[in-house]
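Read off the chains here:
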Amino acid sequence: MKGTIIKQILADHLVAGQLEPGQDVAIVIDQTLTQDVAGTMAYLQFEELGLERVHTELAVSYVDHNTLQTGFENADDHRFLQTVATKRGVYFSRPGNGICHQVHLERFGMPGKTLLGSDSHTPTAGGLGMVGIGAGGLDVALAMAGMPFCLRTPHVLGVTLIGELPDWVAAHDVILWLLQQLSVSGAVGKALEYRGPGVTTLNVPQRATITNMGAELGATTSVFPSDEVTHEFLRAQGREEEWAAVAADEDAEYEEEMTLELSVLEPMIAQPHSPDNVVPVAELTGMPIDQVCVGSCTNSSCQEMMTVAEILRGQQIAENVSLTISPGSRQVLEMLARSGALADMIGAGARILETACGPCIGMGQSPSTDSVTLRSFNRNFPSRSGTKSAGIYLASPAVCAASALTGEMTDPRELGEPPSIQLPEQFLVDDSMIISPPKDGEGVEVQYGPNIKPVPEQQALADVLKGEILLKVGDNISTDEIMPAGAKILPLRSNIPAISEHVFEPIDRDFPARARKCGGGMILGGRNYGQGSSREHAALAPAHLGVRAVLAISFARIHRANLINFGIVPIEITAEDYDRCQQGDELRIEDVCAGVQSGGQLMIENATKGFSFTGSCPLAERQAQVLVAGGALNWAKQEFKGEEQ
Ligand code: MIC
Ligand code: SF4
């Protein structure tokens, strides 16, 4: 990966290891972001480290996911987040200011920098030419404490873009096309780097739509160059001085390459229940729909929203459809309002929601039973909308708006001339909903509420792990299935004992009771186990129920790191051994500590079936120490203690 953008940025931030694909490295993190539902735990963990202030160049705490405030829990979380931010030197983006990734792109992202976020769509910032990586809250807390972030050097996939998008074809169609080609696990262990003459035809929000959904490919990160288009965007945001050119060297070598001719793309759509189940919209036209939701961190920029408003202007949505629109940020919403575009949306019958994640994470707007919901979002995993029987389809805002008018899946090319929307020369800049931290947080009291419970203590790794396979699941199990979100469960994110009662709810409601009855145990997963979000609760809550190991054919990157951070051993096994083991089998693994510290080979005995097999748990040195200590918090506390002595 000689001279690629990824290599240049990682090399500039490298503190340990060799930048060779597959090698473990440690890098300095310049900026961090957290959002509310992962943030409460991240800051509770930061508080456990006993530091006065954060150590990164910039740390921002956003409140964007759970803004409904259905009870005191939420409001208490927001108050905790605001007080801890003020005390520890973190910028606080208030509820109402917008979705973390959209606001970060507008107000904070900087070309050439590294950003670690407690949200899997942090690579959105790659649209500005920075390396944004999603991680669990604890990893972000450690980065805020000034510790380097450890990752496996990705293998770089260079995607050469040629030509220009045709009328009515959006950035969302580019990434849906890539998902169709590569699948949801197609970029695990990889980073995508966009290049070629087509790059200059895309503006920054369009680039960010593409890097955002690299997360759905399983990629570690995705990045565009920072060029004159980026310069122009930052100038229009009043941040011209923060621009820097970022480009791959002429002789940059990519481990893998592919070419995409933009001009042959057409509007695409992902069908239930996976973002890679993609077909051209033309194949589904005429299918009746019940609900349309426009917004999310993928598609809620000013340009996308203006396009929607233009399509809706002077028309009425179909009687059978409910249309919701959530603009991505207060900047976008205010610009829509001042330009009259908001009135066009309201006039057409759209229901305007807050500038927040909203329906994307099941915070309201669950569709009706067996219905069809069309969304401009990034994920359509089972149950994510809050209605198990509903089918979620993902498509661009233009497809959504056109379909809302007709009440059926509609190819927007049928509408004739496309609206011509240019990015404004100057965005409306008003940072008054972002609270800057004072120079000194002394005297500020961090306020907790009754639902904010202490971080559970972690036990050091036992040398013998034994227990029942509590649950056997198939391929591509998402964290939405392991630890669901939604309006009922998100308020419990600061209360691990309470949220643990919902582990695996969409798959098996009896799981928590069974885990407790058996005194804990293990989970057996297929390929790409734990895809999707960065929520560490999908590791923390099972750990709280006594899960000590997950055996799977392969793991998604962030979830594997979260398992290690909470003392759960992630063990890779072969497809044959997966087939041979069943739910209810008793497993026994000896010499676990020595095994994980010396290359990760583990001998597993299936006492029920009477056979043994090997599993592997290859770990970087720090990860092995973390696992043996019983998790990253124990390990970090020991490190800080060591430094004090
Ligand atoms: C998601 O889109 O699933 C979320 C909610 O943004 C998560 C974060 C979380 O669950 O805390 C993500 O993508 O990481
Ligand atoms: Fe929010 Fe949805 Fe984006 Fe997650 S994917 S950050 S829930 S808008």
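Draft legend 1. Spotlight on the site of ligand 2. Taken together, His-65, His-101, Asp-119, His-121, Ser-296, Cys-297, Cys-357, Cys-360, Ile-361, Asn-378 and Arg-384 are the residues near ligand 2. Class assignment of the residues belonging to the shell around ligand 2 gives a composition of four nonpolar, five polar and two charged.

Draft legend 2. Spotlight on the pairing of strand 25 (residues 586-589). Residues of strand 25 alternate between two faces, with Leu-587 and Ile-589 buried on one and Glu-586 and Arg-588 left unburied on the opposite face. Pairing geometry for strand 21 (residues 465-472) and strand 25, over four bridges, is antiparallel. Paired with Lys-466 across the two strands is Arg-588, which belongs to strand 25. Relative to strand 26 (residues 601-606), strand 25 is paired through three bridges, and the arrangement is antiparallel.

Draft legend 3. Fine view of the environment of Pro-419. With respect to the element layout, Pro-419 can be found in the loop between helix 12 (397-406) and strand 20 (434-435). According to the relative accessible area criterion, Pro-419 is partly exposed, its value standing at 23%. Residues Pro-419 and Glu-310 lie 109 residues apart in sequence; the distance between their C-alpha atoms is 6.4 Å. Contacts of Pro-419, omitting those with residues within four sequence positions, involve Trp-168, Thr-307, Glu-310 and Ile-311.

Draft legend 4. Representation of the sheet that holds strand 1 (residues 14-16). Taken in spatial order, the three strands make up an open sheet running 1-2-8, and their pairing is antiparallel. At either end of the open sheet lies a strand with only one pairing partner, and these are strand 1 and strand 8 (149-152). Averaged over all pairs of adjacent strands, the angle between strand axes in this sheet comes to 45°, irrespective of strand direction. Judged from the four bridges that link them, strand 2 (residues 24-27) and strand 8 form a sheet pairing that is antiparallel. The residue of strand 8 that forms the bridge with Ala-26 is Cys-150.

Draft legend 5. How the structure looks around the pattern of salt bridges. Inspection of every chain in the model, using the stated rule, returns 28 salt bridges. Of the charged contacts in the structure, one is a salt bridge between Glu-266 and Arg-413, with a shortest N-O distance of 3.2 Å. Separated by 147 residues along the polypeptide, Glu-266 in the loop between strand 12 (256-261) and strand 13 (268-270) and Arg-413 in the loop between helix 12 and strand 20 bring together distant segments of the chain. With a closest N to O distance of 2.9 Å, Arg-338 and Glu-334 form a salt bridge. A residue pair is termed a helical-turn pair when its members lie 3 or 4 positions apart in one helix, as Arg-338 and Glu-334 do in helix 10 (residues 330-339) at four residues. The structure contains a network of salt bridges with shared partners spanning Glu-47, Glu-52 and Arg-88.

What counts, and where the lines are drawn
Residues numbered from 1 in each chain as written. Chains lettered and ligands numbered in written order. Predicted model: local features only at pLDDT ≥ 70, side-chain atom pairs only at ≥ 80, totals over all residues. Heavy atoms only, no water. Near = heavy atom within 4 Å. Nonpolar A, V, L, I, M, F, W, Y, C, P; charged D, E, K, R; others polar. Buried < 20%, exposed > 50% of the residue type's maximum accessible area, 1.4 Å probe, protein only. Helix = DSSP H or I, 4+ residues; strand = E, 2+ residues; numbered from the N terminus. Pairing = 2+ DSSP bridges. Contact = heavy atoms within 4.5 Å. Axes fitted to C-alpha atoms, helices over the stretch in contact; angles between N-to-C directions. Salt bridge = Lys/Arg side-chain N within 4 Å of Asp/Glu carboxyl O.

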